[in-house]
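Residue-level structural notes
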Amino acid sequence: MSLPELVSFPLCPFVQRAVIVLREKQVPFTIRYIDLDNPPDWFLALSPLGKVPLLSVGDTVLFESAVIAEYLDETHPPALMPADPLARAQARAWIEFASNLLGRQYRMLVAKDQAGFDEEFAAAHRELAFVERAHADGPMFLGGDTLSLVDAGFAPFFMRFELMNRARPLALLDDYPKLRRWAAALADRDSVRRSVPEDFNDDFRRRFAGGWFGTAFADTAAMH
């Protein structure tokens with residue numbers, strides 16, 4: 001049987017979630033990158049929503065990152081979700097919360113002026129307060145050092161935030177010590193480090209250079 005194939009756009013945080021799970025579980029896979037600005041016809045024929053990621057498993061194509069992650073978790077032990085149904089439902093809710101936070105981060109990056117950026121930034125600050133309160137003891141979200149699908153769901157946000165923070169200090173996590181420790185633990189994890197292409201950082205800065213915040217990326221690039 002052929003290896004599962006992940007269809008990806010190199011900068012997509014939702015694709016990155018699936019890659020983290022594949023890496024964490026050491027599942028062999030192939031990856032095919034597309035240009036979402038000019039998607040090929042074969043991709044549009046497979047993706048009902050015209051979005052990545054897609055995961056091809058034999059003749060079956062899965063879409064939506066949360067669905068792909070749960071499929072991988074159910075078919076490749078050990079489980080990265082709680083066994084208790086209520087705790088598992090809570091974990092799914094936090095994954096959806098992370099999806100909304102990623103959307104807010106994207107709107108920060110494409111904001112045309114400081115007012116638009118500040119509005120999204122303030123909302124993200126308020127939302128992260130909920131995450132700080134919910135974070136269990138230990139480096140990972142649900143406690144201990146075992147990565148869960150919740151951690152995979154939030155890791156792309158923290159990785160992109162770190163790139164933003166290097167370009168212009170944002171102090172977004174200053175009031176949230178558990179989130180700072182969590183972000184650092186995720187950044188050190190091999191499955192997270194290897195979840196993006198080697199040229200991700202430069203591509204990310206180029207991709208978002210046109211927004212209000214993007215001037216900070218341009219200034220950072222000029223310093224190197």
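Everything below is about the structure printed above this text.
The structure reproduced in this document is the subject of the present report.

**Focus on unusual backbone geometry**
With an omega of 5°, the peptide bond between Val52 and Pro53 qualifies as cis. Inspection of the secondary structure puts Pro53 in the loop between helix H2 (41-46) and strand S3 (54-57). With phi around 55°, Gln26 is a residue other than glycine that occupies positive phi space. Tracing the backbone through its elements, the reader meets Gln26 in the loop between helix H1 (13-24) and strand S2 (30-33). Here Gln26 falls in the exposed class, since its relative accessible area comes to 69%. Non-glycine residue Glu64 carries a positive phi angle of around 80°.

**Brief notes about the nonpolar core**
The biggest cluster of nonpolar side chains holds 72 residues, and the ones touching the most others in it are Leu128, Phe154, Met164, Phe204 and Phe213. A total of 12 residues in this core trace back to one element, the largest contributor, which is helix H6 (residues 149-167). What Met164 contacts, discounting residues up to four positions off in sequence, is Gln105, Met108, Leu109, Phe117, Leu170, Phe204, Phe213 and Phe217.

**A word on the packing of aromatic side chains**
A full pass over the atoms with the stated rule returns 17 aromatic pairs. Relative to Phe121, the ring of Phe117 lies with its centre 6.0 Å away and its plane at 20°, an arrangement referred to as stacked. One end of the pair is Phe117 and the other is Phe121, both in helix H5 (residues 114-134) and 4 residues apart, which spans about a single turn. Here Phe121 falls in the buried class, since its relative accessible area comes to 16%. In this structure an aromatic cluster arises from ring pairing among Tyr106, Phe117, Phe121, Phe200, Phe204, Phe208, Trp212, Phe213 and Phe217. Cation over ring: Arg133 sits above Phe130, and NZ or CZ is 4.7 Å from the ring centre. The ring centre of Trp212 lies 4.6 Å from the NZ or CZ of Arg168, which sits over that ring.

**Remarks on the pattern of salt bridges**
Scanning the entire structure with this criterion turns up 14 salt bridges. Across the pair Arg32 and Glu5 runs a salt bridge, and its minimum N-O distance is 3.5 Å. Note that Arg32 is positioned in strand S2 and Glu5 in strand S1 (residues 5-8), a separation of 27 residues in sequence. For Glu24, the salt bridge identified is with Arg189, shortest N-O distance 2.9 Å. In this pair, Glu24 is assigned in helix H1 and Arg189 in the loop between helix H7 (177-188) and helix H8 (190-193), connecting sequence segments 165 residues apart. Classification of Glu24 by relative accessible area gives partly exposed; the value is 23%. By relative accessible area, which is 22% here, Arg189 ends up partly exposed. Taken together, the salt bridges that share partners define one network made up of Arg104, Arg107, Glu120 and Glu127.

**Section: helix H3 (residues 65-75)**
Among the residues of H3, Ser65, Ile68, Ala69, Glu70, Leu72 and Asp73 are the ones counted as buried. The secondary structure elements touched by the buried residues of H3 are H1, S3, strand S4 (60-63), helix H4 (85-110) and H6.

**Side note on the sheet that holds S1**
Sheet strands pair via backbone hydrogen bonds, and the direction of the pair is either parallel or antiparallel. Here we have 4 strands laid out as an open sheet, ordered S2-S1-S3-S4, and mixed in their pairing. The open sheet has two free edges, formed respectively by S2 and S4, since each of these has just one partner strand. Pairwise comparison of adjacent strand axes, ignoring direction, gives a mean angle of 20° for this sheet. Relative to S2, S1 is paired through 4 bridges, and the arrangement is parallel. If you follow Val7 over to S2, its bridge partner there is Arg32. Against the sheet, H1 contacts S1 and S2, and its axis sits at roughly 155° relative to S1.

So, how was this worked out
- Residues numbered from 1 in each chain as written.
- Predicted model: local features only at pLDDT ≥ 70, side-chain atom pairs only at ≥ 80, totals over all residues.
- Heavy atoms only, no water.
- Helix = DSSP H or I, 4+ residues; strand = E, 2+ residues; numbered from the N terminus.
- Buried < 20%, exposed > 50% of the residue type's maximum accessible area, 1.4 Å probe, protein only.
- Core = buried A, V, L, I, M, F, W, Y, C linked by side-chain atoms within 4.5 Å.
- Contact = heavy atoms within 4.5 Å.
- Phe/Tyr/Trp six-rings, centres within 6.5 Å; stacked < 30°, edge-to-face > 60°.
- Lys NZ or Arg CZ within 6 Å of the ring centre and 35° of its normal.
- Salt bridge = Lys/Arg side-chain N within 4 Å of Asp/Glu carboxyl O.
- Pairing = 2+ DSSP bridges.
- Axes fitted to C-alpha atoms, helices over the stretch in contact; angles between N-to-C directions.

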